[in-house]
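One letter stands for each residue in the lines below.
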Amino acid sequence: MAIELVPLSLPLSADPSRFIEFGREVRGVNPATLNPEEVTEIRDALYKHDVLLFRGVSLTPEQQHIFTKELDPTSEGYGHINKPGKVSGAIQIFGLKTIPRVPAVQLLGNGTVHDHEGFEEVELKHPSHKKFHKTPVSATDEESGITRFCRWHMDAAFYDVSPSRVTSLYGLVVPKGAPQTVKYDDGTGDELPVPLATTAFVSGHTMFDILPAALKSLAVRSRVKYAPHMYLWMSPAHILPTGLGIETEDLEMPLDQLPEWHEAKCKTLPVLWKNEGTGKLHFQVHPCGVMELFIDPLPMGVNCEGALYPEGAHITNLKEVRDLLYRMQRPAISPEFVYPHEWRENDLIIFHNRGLMHSVVGALTRDQVRVFHQCTLAGSDDPIGPSTEDVNNWA
Ligand SMILES: [Fe+2]
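- Going by the annotation in an unreviewed UniProt entry, the name recorded for the protein is TauD/TfdA-like domain-containing protein, with Collybia nuda given as the source organism.
- Under the UniProt heading Cofactor (unreviewed entry), the note attached to the protein is "Fe(2+)".

### Comments concerning the overall build of the protein
Then, in step 1: Scanning the protein for helices and strands turns up ten helices and 21 strands.
Then, in step 2: Relative to its length of 395 residues, the protein is compact, with a C-alpha radius of gyration of 20 Å against a globular reference of 21 Å.
Then, in step 3: Dimensions along the principal axes, computed over C-alpha positions, put the protein at roughly 60 × 50 × 45 Å.
Then, in step 4: When burial is assessed residue by residue, the protein has 47% of its 395 residues classed as buried.
Then, in step 5: Here the analysis covers contacts within the protein between residues at least 6 apart in sequence; of these, 77% occur between residues at least 24 apart.

### Considerations on helix α9 (residues 318-329)
For an α-helix, 3.6 residues make a turn, and residues three or four places apart therefore share a direction.
Then, in step 1: Compared with the 16 Å implied by 1.5 Å per residue over twelve residues, the 16 Å span of α9 between its first and last C-alpha is a close match.
Then, in step 2: Along α9, the residues classified as buried are V321, R322, L324, L325, M328 and Q329. Seen along its axis, α9 keeps its buried residues to an arc of 165°; they face one direction.
Then, in step 3: Considering only its buried residues, α9 is in contact with α6 (204-209), α7 (213-220), β15 (281-283), β16 (290-295) and β17 (313-315).

### Let's talk about the domain arrangement of the protein
Accessible area lost during the coming together of the parts is what is often quoted as the interface size.
Then, in step 1: Once the domains are mapped, the protein shows domain 1 (19-204 + 339-376) and domain 2 (212-331 + 385-394).
Then, in step 2: Each partner contributes to the interface: domain 1 provides 31 residues, whereas domain 2 provides 29 residues.
Then, in step 3: Considered class by class, the residues forming the side of domain 1 that touches domain 2 number 13 nonpolar, nine polar and nine charged.

### A look at the sheet that holds strand β18 (residues 339-341)
Then, in step 1: Here we have three strands laid out as an open sheet, ordered β18-β11-β20, and antiparallel in their pairing. Where the open sheet ends on each side, the last strands, each with one partner, are β18 and β20 (356-360). Strand-to-strand twist in this sheet, taken as the mean axis angle between neighbours without regard to direction, amounts to 25°.
Then, in step 2: Across five bridges, the pairing between strand β11 (residues 199-203) and β20 is antiparallel. Residue V202 lies in a different strand from β20, and its bridge partner there is M357.

### Considering the sheet that holds β17
Then, in step 1: The strand order across the open sheet formed by four strands is β13-β12-β16-β17, and the pairing between neighbours is antiparallel. Looking along the sheet, the strands with just one partner apiece sit at the ends: β13 (268-270) and β17. Recorded for the sheet is a direction-independent mean angle of 20° between the axes of neighbouring strands.
Then, in step 2: Where β16 meets β17, three bridges bridge the pair, whose relative direction is antiparallel. If you follow I295 over to β17, its bridge partner there is A313.
Then, in step 3: Lying over the sheet, α9 contacts β16 and β17, oriented at roughly 75° with respect to β16.

### Quick look at the nonpolar core
Then, in step 1: In terms of nonpolar packing, the biggest core is built from 93 residues, with V51, V202 and A219 touching the most fellow members.
Then, in step 2: Among the domains, domain 1 (19-204 + 339-376) and domain 2 (212-331 + 385-394) are the pair contributing at least three residues each to this core.

### Regarding unusual backbone geometry
Then, in step 1: Its identity as a non-glycine residue notwithstanding, H229 has a phi of 45°, on the positive side.
Then, in step 2: Relative to the helices and strands, H229 resides in the loop between β12 (222-226) and α8 (230-233).
Then, in step 3: The class of H229 is buried, set by 27 C-beta atoms lying within 10 Å.
Then, in step 4: The backbone of N346 sits at a positive phi, close to 70°, despite the residue not being glycine.
Then, in step 5: Here N346 lies in the loop between β18 and β19 (347-352).

### Examining the environment of F283
Then, in step 1: Structurally, F283 can be placed in strand β15.
Then, in step 2: Judged by local crowding, F283 falls into the buried class, with 29 C-beta atoms found within 10 Å.
Then, in step 3: Between the alpha carbons of F283 and I20 there is a distance of 18 Å; along the sequence they are 263 residues apart.
Then, in step 4: Each residue touching F283, except ones within four places of it in the same chain, is listed here: G204, M207, F208, A219, V271, L272, M328 and Q329.

### Quick word on the pairing of strand β5 (residues 105-116)
Working note: regular strand, side chains alternate between the two faces of the sheet.
Then, in step 1: Direction of pairing for strand β4 (residues 97-98) relative to β5: antiparallel, over a ladder of two bridges. Counterpart to K97 in the pairing with β5 is L107.
Then, in step 2: As paired strands, β5 and strand β21 (residues 370-376) are joined by six bridges and run antiparallel to one another. By the bridge assignment, N110 is partnered in β21 with R370.
Then, in step 3: Counted along the chain from β5 to the antiparallel partner strand β6 (residues 119-124), the turn is two residues long, and its residue E117 has a positive phi close to 45°.

What counts, and at which threshold
Residues numbered from 1 in each chain as written. Predicted model: local features only at pLDDT ≥ 70, side-chain atom pairs only at ≥ 80, totals over all residues. UniProt positions renumbered as here; feature names shortened; annotations may be inferred. Helix = DSSP H or I, 4+ residues; strand = E, 2+ residues; numbered from the N terminus. Rg over C-alpha atoms; globule rule 2.2 N^0.38 Å. Buried ≥ 20, exposed ≤ 12 C-beta atoms within 10 Å, placed from the backbone. Contact = placed C-beta atoms within 7 Å. Expected span 1.5 Å × (residues − 1). Arc of directions from axis to C-beta. Domains from an automatic or database assignment. Nonpolar A, V, L, I, M, F, W, Y, C, P; charged D, E, K, R; others polar. Pairing = 2+ DSSP bridges. Axes fitted to C-alpha atoms, helices over the stretch in contact; angles between N-to-C directions. Core = buried A, V, L, I, M, F, W, Y, C linked by C-beta atoms within 7 Å.

What follows is the structure, encoded as structure tokens:
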């Protein structure tokens, strides 16, 4: 049976014209037993559609690891640093549990889980915006189903290891409960109805595509430098109510108080990453971990009128860096551009981690059990930025 790619059903909040290529359900194939041609077809579809959904899947952690690795055969170990004594990955900060038998696969979710993949009893906690945001929603609002995006991100350490090309997320137990409403609480009045404990996705290509010309020019000329051990660096700070970056309050951990780090392992990456399958440009910045912004001057002969930083710049003021990134990224998380996935049990989603951003959403009570397996493998190289031709097109 041939592989069938079916558009995802979109919520009423989404603008269908912005999801023509984004997201497909894959039918007619079992991710546990793929032949090489099917792997190639799925890999091509992943770069083209960014999110692929498989329904009714039965997958062991070993099979999930193999499948994820097949989609990026050059990938290396787990996408966050995960060695005894090393503490820079999100793993310690966000409560992921490493499955002992298959360390590349992480257990995450909510509630108490018994006798699961080598864990006799394990307590999982759905990451809540209340732990990270400066102004969480009130208890009364929470009771009436108001929630937030927890934190928009890509799955990557941004230190020492390269960002993953692909993440797989497999939902074994999905909590049942009433839908919730994300409030943006940034003065826009934006709200988004979401299924309980959804994973929200936005396209990095759309993030670039909807920008006005002056911000496209800025994006195509810019690189960002991430903090060493960025999850620790940012851990004392607060996240904005939209989940898209950090409040500038000078709360970040001073660099000299972080565990040992080396300049050579710090990551400076282009703001735009070139899609290896389609050649499109995707705006890919984890705004929480950025310390500095490098802007190249406009190319020779380009009209400077209306251009931002026509002579180029190296911006180290955190507030200025964050304000510029927010201006460029915020439009793309508006309700009409968000795909909030309504999880069913045995859904497997693979997503192009170098082509989109995603966020954990919602709040669960202790008795709302959620059990997911995640696999994200570090890339063997860093993402490629815009070509000279891209810069000449967009600067
Ligand atoms: Fe993630």
